[in-house]
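Close look at the chain arrangement
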Amino acid sequence: MSHFRPDPKRPPQPFDLNRLLLPLALLVLFLLVVLLVVSRRTQPGAQGTEAAATNAAGIVEEPSGDTAPPTESPEPPGLWLDTAIELDPSVATPVQLPEAFVRRGFAVLHVLPDGRIVLLNPISLAILDPRTAAAEIIHEAEFGLQAAANDRWIVYGEGGDEVFAVDACEIASGQRRRILESEAGYYGFELDAADHFYTTELVTQPGSSKPVAWLAVALSDGSIERREPACRRVADWELAKIWSGVPLGWSYVDGARWYRTAQSLASELYALALHRLDRSTEQFEWQLFAIPDRSREGQEALVAMTDLMTGIEPRLYVQNGLVAVHDTTFYLRPLERWFHLHGTGEEGDGEVCRVLALSPDATTLYIGSGDDNGLPTGLSALKLAANEP
Amino acid sequence: MPPPSRKPPCRLLAVVLLILALTVLHPGSPALLCAETPRLCVNGVTVPDSVSLEMPHFRQTDPAWAGCELRPGRTIGDIGCALTSLAMLGHVYGIEQNPAEVAADLGSWAAPLEWEVYTTLHNLRIVREDNLLDIDPHVADRDWVRDSAVRALAQGHPVIVGIQHREHLTTHFIVVHGYRFENGAYIVETYDTSTNNDYPNLDAIDPAWEYIRFLEISRGSS
């Protein structure tokens, strides 16, 4: 006789709800834990979340000596992003700016070897000495001023989108000359350390313009090299020379992976691996790489500077000796440390700070302050020696 | 003496867990914030279900300004779609001008229209700009245009989009003034300056047109 056969003599038992409630409660508890874990993983802005052993571009990590993940032994702060050294921007010294830059905001184009800073906004282009507040106006316009600068040259033009004439100013002599002129115009301004100016040549078609060539103009002799317009960014070009198949195309598709590049005028080349996780919540996996040795080929040339991170899309920003992944989180190459501007970056409550540049002697950090629109309208100098622990 | 019953604590535990579950699963709960797709987020917060920015709907062909000459032989009625879009957009920021008044303010910068001259005059700022000429033109992706417009509007910023007919290469500009989340999708509402197509929303724009420009405009620094 089976133990499971109902006993006809035994009266039917009423259904006991409590027997169901306990497993149900445990199931709900389990689901809650799962939900909380998932929600934490998808929380926007949650950075520093370590993830899989492969990086955002699917590369399996092969840590070398200087890029090995942190071990349990104590390490000095700042070696990794999650132990970034906190800096206090409130002790920075304000730098007086020409009125046009306070009123219309500005971008730092370059810090010259003598410590002066090249500043640009749509109406003014100037070289500012942050120690004396002396400013040399290079060019002024009614609107649409665009420019690029390196140690020896400032190249500029006027136009809302395309510019129709491009002029070059030799900084030491102050001499100027026109290097490009066209009725269809040019789009984009970039200079490298070898005195080449890069822009996209346009042709006019009914209703709009289209790119026909990427130009490299040698400022020394004015010679022009025309390249295919498929690659129109110096850092992309440099990385593609090292890794011919590198995926560089932006995509708005969830799951897409690509690299964004940046190069300083000191030829410091970086690649930010991006993996779009969820476009509705603006979530990415990302990882920053340096390319210190260009004799290596392919993915092996990429050396990880961060762990694989999760969060909003980083704002990659590069100046000599400095690479930032967000407005207030950055790595200083001369000091080989990650830093973070303490107590800033909170949008929506007025003034926010942004790291802008490092002085050539790596003793002073230049910080911009401005409103939530993201354009600095104030500049201050932060002495690093006084701020370091 | 009957053994102590374990039923009340079990019931209590279940009730507590159910209340906790309902709290976490509530639509406003941080745990679910941004977890629902395809609801869009800005800085980690889900955007409102609908936004409508106050502005008039101007037509290029309105007799009050259609004949206003922008350059010799060409009038607002002919080529003033961008200018008319800008005139509508200005109302969001209290600049209550009609297209003829905007043209007068901009002078020679009215045609071809230089956006920056207008934003400079009125202390506005182009906070996001995308151009088909860019190296990675985001504007080529229709989903990006829709989502970026929703995110801009959720922050109170109107948007102007430029489109170009793939075959005829005609260009046209339209202002984006609102959106609503309906039947699981965002409908992004537009004011078209032209009565030819009179596109009421981005989805209505014929695929024969491609996006070439995206301009999100905010108030400048105070």
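Summarised in this report is the structure supplied together with it.

Rules used in this analysis
Residues numbered from 1 in each chain as written. Chains lettered and ligands numbered in written order. Predicted model: local features only at pLDDT ≥ 70, side-chain atom pairs only at ≥ 80, totals over all residues. Heavy atoms only, no water. Helix = DSSP H or I, 4+ residues; strand = E, 2+ residues; numbered from the N terminus. Contact = heavy atoms within 4.5 Å. Buried < 20%, exposed > 50% of the residue type's maximum accessible area, 1.4 Å probe, protein only. Areas by Shrake-Rupley, 256 points an atom, 1.4 Å probe, with all protein chains shown as cover. Core = buried A, V, L, I, M, F, W, Y, C linked by side-chain atoms within 4.5 Å. Phe/Tyr/Trp six-rings, centres within 6.5 Å; stacked < 30°, edge-to-face > 60°. Lys NZ or Arg CZ within 6 Å of the ring centre and 35° of its normal. Salt bridge = Lys/Arg side-chain N within 4 Å of Asp/Glu carboxyl O.

1. Here's the deal with the overall build of chain A
Tallying secondary structure elements over chain A gives four helices and 25 strands in all. Intrachain contacts of chain A at a sequence separation of at least 6 include 44% that bridge at least 24 residues.

2. What to know about the overall build of chain B
Tallying secondary structure elements over chain B gives six helices and 10 strands in all. The buried share among the 222 residues of chain B stands at 50%. If you take every contact in chain B between residues at least 6 apart in sequence, the share linking residues at least 24 apart comes to 61%. Per element, the accessible surface of chain B, about 10,500 Å² overall, is 54% carbon and sulfur.

3. Things to note about the nonpolar core
The biggest cluster of nonpolar side chains holds 48 residues, and the ones touching the most others in it are Leu288 of chain A together with Val161 and Leu202 of chain B. Here this core takes six residues from helix α6 (residues 142–154) of chain B, the largest share from any one element. Beyond its immediate chain neighbours, meaning those up to four positions away, Val161 of chain B contacts Val145, His172, Phe173, Ile174, Val176, Leu202, Tyr211, Arg213 and Phe214 of chain B.

4. Considering the packing of aromatic side chains
Residue and element names in this part refer to chain A. Going through the model one piece at a time under the given rule, you end up with 16 aromatic pairs over all chains. Ring geometry for Trp214 versus Trp237: centroids 5.7 Å apart, planes at 50°, classification tilted. In this pair, Trp214 sits in strand β12 (residues 208–218) while Trp237 sits in helix α3 (residues 234–242), placing the two residues 23 residues apart along the sequence. Ring geometry for Trp250 against Tyr252: centres 6.1 Å apart, planes inclined by 15°, an arrangement best described as stacked. Exposure remark for Trp250: the relative accessible area of 17% places this residue in the buried category. Put simply, the rings of Tyr198, Trp214 and Trp237 touch in pairs and so form one group of aromatic residues. Between the NZ or CZ atom of Arg227 and the centre of the ring of Trp237, over which it lies, the distance is 4.2 Å.

5. Some thoughts on the pattern of salt bridges
Any two side chains of opposite charge can pair, given that their charged atoms come close. What the rule picks out here adds up to 29 salt bridges over all chains. In this structure, Arg152 of chain A and Asp195 of chain A form a salt bridge, with 3.0 Å as the shortest nitrogen-oxygen distance. With a gap of 43 residues between them, Arg152 of chain A in the loop between β7 (145–149) and β8 (153–158) and Asp195 of chain A in the loop between β10 (176–191) and β11 (196–205) connect regions that are remote in the sequence. Its relative accessible area of 38% is what places Arg152 of chain A among the partly exposed residues. Judged by its relative accessible area of 14%, Asp195 of chain A is buried. Each member of the salt-bridge network shares a partner with another, and the members are Arg279 of chain A together with Asp143, Arg146 and Asp147 of chain B.

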